[in-house]
Amino acid sequence: MVKRILLSAFLSLCGQVLAAQLTLEQCVVLAQENYPLVSRYELLDRTREINLFDIDKGWLPQITVYGQGTVQNVVPSFPDPLSDMMADSGMDFTGLGRVQYKAGADITQTLWDGGQSKSSRKMVRMQTDERRSELDVRMYAVRERVENLFFSILLMDEQVRLTRIMSELLESNLRKLRSMKANGTAMQSDVDMVEAEYLSSIQKTIQAESNAMSCRRMLGIFVGMDISGDRLVRPEGRMPSVMSIDRPELRLYEARFLENDAKNSVIKAGTMPRIGLFAQGFYGYPGFDYFSSMMNREPSFNFLAGIKVTWNIGSFYTKKNSERRLRFQSEGIVADREVFLFNTSILAQSQKDRIKELSDIMTEDGRIVELRASVRKAAESQLENGVIDVTTLLTKITDENRARLMAIYHEIEHLQSIYQLKYTLNR
């Protein structure tokens, strides 16, 4: 966000002197910072902190407060001979009451949880890293969309420029033909033919300008600012210096592999014993002293404390299969990673071949444009001398314009192919 504010301020300052200039790299940065998905990063961090905080609370004393009342049809009692003997001796023995009640609290304190909290913390961190890597992959795709729009605008701007040049050329020849008609050396049909072609070029210019503006509006939505009056700086066509693949998908595969490792730690922790302290206290009837509760039915305070070891042996029943499932999942992740690298390497090689092909084609583009321009100029002279007709001249003008368009198209496509290769490699 700070980068975006600084960049916007810089562009605003430049706009006071001249039209703002936007580079491809600036557009990508602004688009990624403006993309709605970016808010998920902060949500991930907050969720991780909450989960870690809850895990840490597992080490705090756990307190359970309860209250209960029961009515029993049978209660513990002394044998009848003993009861009679105690009654004969003058002891008032009422026996244990059938109505029983108590209110109290149980407290437990974990001393050792078998590594459960440690493995759970690791699990939370690995899950967060995996989800963050997924977001990185989705955010990385924004770069490709922005680059495609950027190069489309560059190409359309060039189309606008060339159609304007063609319109000026046709307008110049139209003026000549009108002069020739006034002198009786050209027919009205010749003038009409060139004028129709001139008006058609005007229509093409309007259409090209509309398409360019549409793409600019789309790019403006991505970067979060109006770029209708900004000039896009054509990037340099430098090949990446390093050809190794460094895509965010590779970090996603690594994060998934580490998440499986964390799950394995949780499984191992589930087979370990737990050690803890416990305490129980309650007020009610009967108390721990049953003999006293048989002699009178008054409620009393009762308390006990101790240490407890628990071990869930049943976790061993599924441990082996759980570990095997995780191992298979990890092997699947490795296989997916290799497939991704294989396909990406093939795509990168195809893009490098296309870049070389375009480089070879571009070596002749300049010469073709020069020749087409020379032929067109000669045709203009021939038309003035009555050697050729207007149709031939229009053909030569169209050929020259097509040659210029193809030269620009090859140049822009060459640049875009280089950046597509950079995208494929993440360079």
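Above: the structure in question.
Residues numbered from 1 in each chain as written. Predicted model: local features only at pLDDT ≥ 70, side-chain atom pairs only at ≥ 80, totals over all residues. Heavy atoms only, no water.

**Q** Could you give an account of the sheet that holds strand β2 (residues 62-71), naming the residues involved and the relevant values?
**A** What the four strands build is an open sheet, ordered β2-β3-β5-β6; its pairing is antiparallel. The sheet is open, and its two borders are formed by β2 and β6 (300-310), each paired with just one other strand. Taken pair by pair, the neighbouring strands of this sheet meet at an average axis angle of 20 degrees, ignoring direction. With eleven bridges connecting them, strand β5 (residues 274-285) and β6 associate as antiparallel partners. Bridged to G281 within β6 is F303. (Pairing = 2+ DSSP bridges. Helix = DSSP H or I, 4+ residues; strand = E, 2+ residues; numbered from the N terminus. Axes fitted to C-alpha atoms, helices over the stretch in contact; angles between N-to-C directions.)

**Q** Got a sec to walk through the pairing of strand β3 (residues 99-112)? Specific residues and values, please.
**A** As defined by bridge partners, β2 adjoins β3 across ten bridges and the pair is classed as antiparallel. For G67, the partnering residue across the bridge sits in β3 and is A103. In this sheet, β5 lies alongside β3 in antiparallel orientation, the contact comprising eleven bridges. In the sheet register, A105 faces β5, and the bridge partner there is G281.

**Q** If you had to explain the packing of aromatic side chains to someone new, which residues and values would you point to?
**A** For the structure shown, the criterion picks out eight aromatic pairs. Aromatic side chains Y283 and F301 sit 4.6 Å apart centroid to centroid with 45 degrees between the ring planes, which places their arrangement in the tilted category. In this pair, Y283 sits in strand β5 while F301 sits in strand β6, placing the two residues 18 residues apart along the sequence. The class of F301 is exposed, set by a relative accessible area of 72%. Taking the ring centre of F282 as reference, the NZ or CZ of K102 above it sits at 4.8 Å. In this structure, K422 packs its charged tip against the face of Y419, placed 4.4 Å from the ring centre. (Phe/Tyr/Trp six-rings, centres within 6.5 Å; stacked < 30°, edge-to-face > 60°. Buried < 20%, exposed > 50% of the residue type's maximum accessible area, 1.4 Å probe, protein only. Lys NZ or Arg CZ within 6 Å of the ring centre and 35° of its normal.)

**Q** Can you break down the packing of helix α5 (residues 116-182) against helix α6 (residues 188-223) residue by residue, with the values?
**A** At a minimum axis distance of 8 Å, the contact between α5 and α6 shows a crossing angle of 160 degrees. The pairing of α5 with α6 is recorded here as roughly antiparallel in orientation. For the pair α5 and α6, the crossing hand works out as left-handed. Taken together, the residues of the contact of α5 with α6 break down into 21 nonpolar, eight polar and twelve charged. (Parallel < 35°, antiparallel > 145°, perpendicular 65-115°, else oblique. Left-handed = near helix turned anticlockwise from the far one by under 90°. Nonpolar A, V, L, I, M, F, W, Y, C, P; charged D, E, K, R; others polar.)

**Q** Go over the environment of L326 with me, naming the residues and quoting the values.
**A** Examined against the element boundaries, L326 turns out to sit in helix α9 (residues 315-384). Remark: the alpha-carbon pair of L326 and M180, spanning 146 residues in sequence, is separated by 87 Å. Once residues within four sequence positions are removed from consideration, L326 is found in contact with N260, K263, N264 and I267. (Contact = heavy atoms within 4.5 Å.)

**Q** How would you summarise the nonpolar core if you had to cite specific residues and measurements?
**A** Counting 27 residues, the largest nonpolar core has C27, V146, F150, F151, L219, V223 and L232 as the members making the most contacts within it. At the level of secondary structure, the elements contributing two or more residues to this core comprise α2 (24-34), α5, α6 and α10 (390-425). A total of ten residues in this core trace back to one element, the largest contributor, which is α5. Contacts of L219, omitting those with residues within four sequence positions, involve C27, V146, L149, F150, I153, I227 and L232. In terms of nonpolar packing, the next biggest core, distinct from the first, is built from 17 residues, M180, A186, V194 and A379 among them. (Core = buried A, V, L, I, M, F, W, Y, C linked by side-chain atoms within 4.5 Å.)

**Q** Outline the packing of α2 against α6, listing residues and values.
**A** One way to put it is that α2 packs onto α6 with a least axis distance of 7 Å and a crossing angle of 60 degrees. The angle between α2 and α6 places the two elements in the oblique class. Residues C27, L30, A31 and N34 of α2 lie in contact with α6, whose contacting residues are L219, I221, F222 and V223. The residue inventory of the contact of α2 with α6, partitioned by class, reads seven nonpolar, one polar and no charged.

**Q** How would you explain unusual backbone geometry if you had to name every residue and give the values?
**A** A cis amide bond links Y285 with the next residue in sequence, P286, at an omega value of -5 degrees. Here P286 shows up in the loop between β5 and α8 (290-295). The phi dihedral of N426 is positive, around 60 degrees, even though this residue is not glycine. Under the relative-accessibility criterion, N426 is labelled buried at 19%.

**Q** Please set out a nonpolar patch on the surface residue by residue, giving values where relevant.
**A** A cluster of nonpolar side chains, L111, W112, M272, L277 and I307, forms an exposed patch at the surface whose accessible area comes to about 460 Å². Assignment of secondary structure puts M272 in the loop between α7 (248-269) and β5. (Patch = residues over 30% accessible without salt bridge, like charges linked within 9 Å, V, L, I, M, F, W, Y side chains within 5 Å. Areas by Shrake-Rupley, 256 points an atom, 1.4 Å probe, with all protein chains shown as cover. Salt bridge = Lys/Arg side-chain N within 4 Å of Asp/Glu carboxyl O.)

**Q** With reference to specific residues and values, describe the side chain of D365.
**A** Following the sequence through the fold, D365 ends up in helix α9. This buried residue, D365, is left without a salt bridge; R354 holds the nearest opposite charge, at 10.0 Å. (Lys, Arg positive; Asp, Glu negative; His and termini not counted.)

**Q** Report on the environment of T64, specifying residues and quantitative values.
**A** Counting through the fold element by element, T64 comes out in strand β2. Spatially, the C-alpha atom of T64 lies 5.4 Å from that of A105, the residues being 41 residues apart in sequence.

**Q** An account of helix α3 (residues 39-56) is requested, with residue identities and associated values reported.
**A** Taking 1.5 Å of rise per residue, 18 residues should cover 26 Å, and α3 covers 27 Å from first to last C-alpha, within 8% of that figure. Three or more residues of α3 are buried, namely Y41, L44, L52 and I55. Around the axis of α3, the buried residues are gathered within 60 degrees of arc, so they sit on the same side. The exposed residues of α3 that point more than 90 degrees off its buried face are R46, I50 and F53. (Expected span 1.5 Å × (residues − 1). Arc of directions from axis to C-beta.)

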